[in-house]
Amino acid sequence: MHNNLVLPDQAILVGVGVNQIFSVEDLDELALLCQTCNIETVGRVIQNRKDIDVTYYIGKGKVEEIKTLIEETKANVVVFDVELSGSKVRNLERELNVPVLDRSKVILDIFAARAQSAAGKLQVELAQLRYNLPRLIGSGGLMSKMRNGVGMRGPGEKKLELDKRLIHDEITALERKLADVKKARNVAGQGRRDKCRVCLVGYTNSGKSTLFNLLTKAGVYAKDELFATLDTTTRSVYLNGKNFVLTDTVGFINHLPHEFIRAFEATLDETREASLLIHVIDCSNPAHEEQIAVVNQVLQNIGAGKIPQLIVYNKIDKNPGFVAPDGAVVISAVKKTGIEELKNAIYQLI
Ligand SMILES: Nc1nc2c(ncn2[C@@H]2O[C@H](COP(=O)(O)OP(=O)(O)OP(=O)(O)O)[C@@H](O)[C@H]2O)c(=O)[nH]1
Ligand SMILES: [Mg+2]
């Protein structure tokens, strides 16, 4: 999955709280993301600080601590739960002598492994290019900078400019291809235009696909993995004589870089154009309140913040004592409880 010859599989996770307290459990989600990439967590390091270190993001002392931990645990990769600039990755790798990844890179790798449809693959490629672009650095470095008199450019910088131009060209070509895919999708979905459109949205792993399969009898991939779904699937549903189309979508996650969201424009169109969103929440997850906020923020960012939502608390079997707020439906998509109530609620709203 990574470009290195030996696939890293033993990770030390690093969490950084800048002006806020970051605790060891806050790394649980990153550990799950790594697990999805077949990377096992062998150590966790956190640091809370007032500001970001310009060279390493974390302090030099912490870098030393990680170095020792690498020796002790035989870790072969270090994964940061923040987004790192290209230069910080290089500085850290120089000190630590193992590959350094950030949260976005791990999410990108999962996306790349998951994408199935033509649109999905194009969208991942676009997200990868947008991620790589600001991380390119010329090979010239300090030397070429010193030689740079007025109107003079070092060879490293020229190469960098060329690389950047090539990536820009590639991005433009991909955007064009995606626009074509989008057009074809619209034509294919023409017949659905007049039907009521309902979209399942929610945090990753909340149970959207499981519920989708239950409501549509489709065989969509549902698994205890983050980002099991990357491509949207749409099916017609008949409910006591009423007819609507239901779409299963990619899950959202905290700190999803906005260039990723932009890359997923084609699939997110379905969400934007829905007349009802079914917001699926995993009420057994201790962080579910925060996850609701993340989902609503993403919905707002993609222009779907004003679409009416039916709030559905899922996985009640794992948290039987849970009391949902008024107006919400409580279900277990796996144990198939609360499904009649859910269908009634949908029926009322469409
Ligand atoms: N215990 C329990 N597990 C559930 C329930 N609903 C879903 N799950 C499990 O939760 C995991 C994730 O379910 P998915 O349906 O793939 O979740 P998703 O929201 O589609 O996830 P992504 O596509 O990754 O965003 C699977 O292992 C499901 O079996 C439920 O009501 N109770
Ligand atoms: Mg899914």
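Just so it is clear, the structure is predicted and the values come from calculations on it, not from any experiment.

1. Observations concerning the overall build of the chain
Helices and strands together make up the secondary structure of the chain, namely 12 helices and 10 strands. Scored against the burial criterion, the 350 residues of the chain give a buried share of 35%. Long-range contacts, defined as pairs at least 24 residues apart, comprise 64% of the intrachain contacts of the chain with a sequence gap of at least 6.

2. Thoughts on the site of ligand 1
With respect to spatial proximity, 23 residues lie near ligand 1, and among them Gly207, Ser209, Asp224, Thr229 and Gly251 are the closest. It is helix H8 (residues 208-216) that contributes the most residues to the shell around ligand 1, 3 residues altogether. Looking at the shell around ligand 1 residue by residue, the classes come out as 6 nonpolar, 11 polar and 6 charged.

3. Considering the nonpolar core
Counting 78 residues, the largest nonpolar core has Ala11, Val14, Val78 and Val79 as its most contacted members. Apart from residues lying up to four places away in sequence, Ala11 is in contact with Cys34, Ile39, Glu40, Thr41, Val42, Ala75, Val77, Val78 and Val79.

4. Remarks on the sheet that holds strand E2 (residues 40-49)
Taken in spatial order, the 4 strands line up as E2-E1-E3-E4 in an open sheet, and their pairing is parallel. Looking at the sheet topology across the chains shown, the edges are occupied by E2 and strand E4 (100-102). Averaged over all neighbouring strand pairs, the angle between strand axes comes to 25°, with direction disregarded. Set on the sheet, helix H4 (residues 103-114) makes contact with strand E3 (77-80) and E4; between it and E4 the angle comes to about 80°.

5. Things to note about the pairing of strand E8 (residues 276-282)
Most of E8 is tucked away, with 6 of its 7 residues classed as buried. The pairing of strand E5 (residues 196-202) with E8 spans 5 bridges and is classified as parallel. From the neighbouring strand, Val201 faces E8, where its bridge partner is His279. Relative to strand E9 (residues 309-314), E8 runs parallel, the two sharing 6 bridges. Looking across to E9, one finds that Leu277 is bridged to Gln309. One crossover worth recording links E8 to the parallel E9 by way of helix H11 (residues 288-301), and it is right-handed.

6. Observations regarding the sheet that holds strand E10 (residues 329-330)
The mixed open sheet is built from 6 strands, whose spatial order is E6-E7-E5-E8-E9-E10. Both edges of this open sheet fall to strand E6 (233-239) and E10, since each of them pairs with a single strand only. Both E5 and strand E7 (residues 242-248) contribute to a ladder of 5 bridges, which runs parallel. Bridged to Val198 within E7 is Leu246. In the packing of H8 onto the sheet, contacts are made with E5, E6, E7, E8 and E9, and the angle to E7 comes to roughly 150°. Strands in contact with helix H12 (residues 339-349) are E5, E6, E7, E8, E9 and E10; relative to E9, the strand with the most contacts, it is inclined by about 175°.

7. Section: helix H1 (residues 28-36)
Along H1, the residues that are buried comprise Glu29, Leu30, Leu33, Cys34 and Thr36. Along the long axis of H1, the arc covered by the buried residues comes to 155°, so they all point the same way. Buried positions along H1 lie against strand E1 (10-18), E2, E3 and H4. The positive-phi residue at the C-terminal boundary of H1 is Asn38, with phi of around 60°.

8. A few points about helix H3 (residues 86-96)
Within H3, the full set of buried residues consists of Lys88, Val89, Leu92 and Leu96. Summarising the axial view, the buried residues of H3 lie within an arc of 100°, below the 170-degree limit, and thus occupy one face. Exposed residues lying more than 90 degrees from the buried face of H3 are Ser87 and Arg94. Summarising the contacts, the buried residues of H3 are in contact with helix H2 (60-73), E3 and E4.

9. Focus: the environment of Leu101
Structurally, Leu101 is set in strand E4. The class for Leu101 is buried, based on 22 C-beta atoms found within 10 Å. Note: C-alpha distance between Leu101 and Asp81 (20 residues apart in sequence) is 8.9 Å. Those residues in contact with Leu101, other than ones at most four positions away along the chain, are Val77, Val79 and Val106.

10. Looking at the pairing of E2
Across 9 bridges, the pairing between E1 and E2 is parallel. In the strand pairing of E2, Val16 is matched with Gln47. Regarding the hand of the β-α-β motif, the stretch spanning E1, H1 and E2 is right-handed.

11. Re the environment of Ile261
Structurally, Ile261 is set in helix H9 (residues 258-263). Taking C-alpha positions, Ile261 is 9.0 Å from Asn301, a pair spaced 40 residues apart along the chain.

12. Focus on the environment of Leu126
With respect to the element layout, Leu126 can be found in helix H5 (residues 118-132). Setting aside its immediate chain neighbours within four residues, Leu126 contacts Ile171, Leu174, Leu178 and Ala263.

13. Quick notes on unusual backbone geometry
It is generally the case that most residues other than glycine have a negative phi and that most peptide bonds are trans. Unlike most non-glycine residues, Asn97 shows phi in positive territory, near 65°. For Asn97, the location among the structural elements is in the loop between H3 and E4. Assessed through the 10 C-beta atoms surrounding it within 10 Å, Asn97 is described here as exposed. With a phi close to 45°, Asn240 is a non-glycine residue in the positive phi region. Turning to its location among the elements, Asn240 is positioned in the loop between E6 and E7. You can call Asn240 exposed: it has 7 C-beta atoms within 10 Å.

Rules behind the numbers
Along every chain, residues carry numbers that run from 1 in the direction the sequence is written. Starting at A for chains and at 1 for ligands, labels are handed out in the order in which the entities are written. The predicted origin of the model limits local features to residues at a pLDDT of at least 70 and limits the giving and counting of side-chain atom pairs to 80 or more, whereas totals for whole chains, interfaces and linings rest on all residues. By the criteria applied, helices consist of DSSP H or I runs no shorter than four residues and strands consist of E runs no shorter than two, each listed in order from the N terminus. Partly exposed residues are those whose C-beta has more than 12 but fewer than 20 other C-beta atoms within 10 Å; with 20 or more the residue is buried, with 12 or fewer it is exposed, and the C-beta atoms are placed from the backbone. Contact criterion: two residues are in contact if their C-beta atoms, reconstructed from the backbone, are within 7 Å. Residue proximity rests on one test: whether the C-beta atom, placed from the backbone, lies within 6 Å of the molecule or strand. When residues are grouped by polarity, Ala, Val, Leu, Ile, Met, Phe, Trp, Tyr, Cys and Pro land in nonpolar, Asp, Glu, Lys and Arg in charged, and all others, Gly among them, in polar. Each nonpolar core reported here comprises buried Ala, Val, Leu, Ile, Met, Phe, Trp, Tyr and Cys residues connected via C-beta atoms within 7 Å. Two strands pair under a simple rule: DSSP has to find at least two bridges between them. Every axis corresponds to a line fitted to the C-alpha atoms, with the helix fit spanning only the stretch in contact, and the corresponding angles, defined between N-to-C directions, vary from 0 to 180 degrees. Here, the term right-handed applies to a crossover whose path from the first strand over the helix to the second runs clockwise when the strands point away from the viewer. The reported arc concerns the directions from the helix axis to the C-beta atoms and nothing else.

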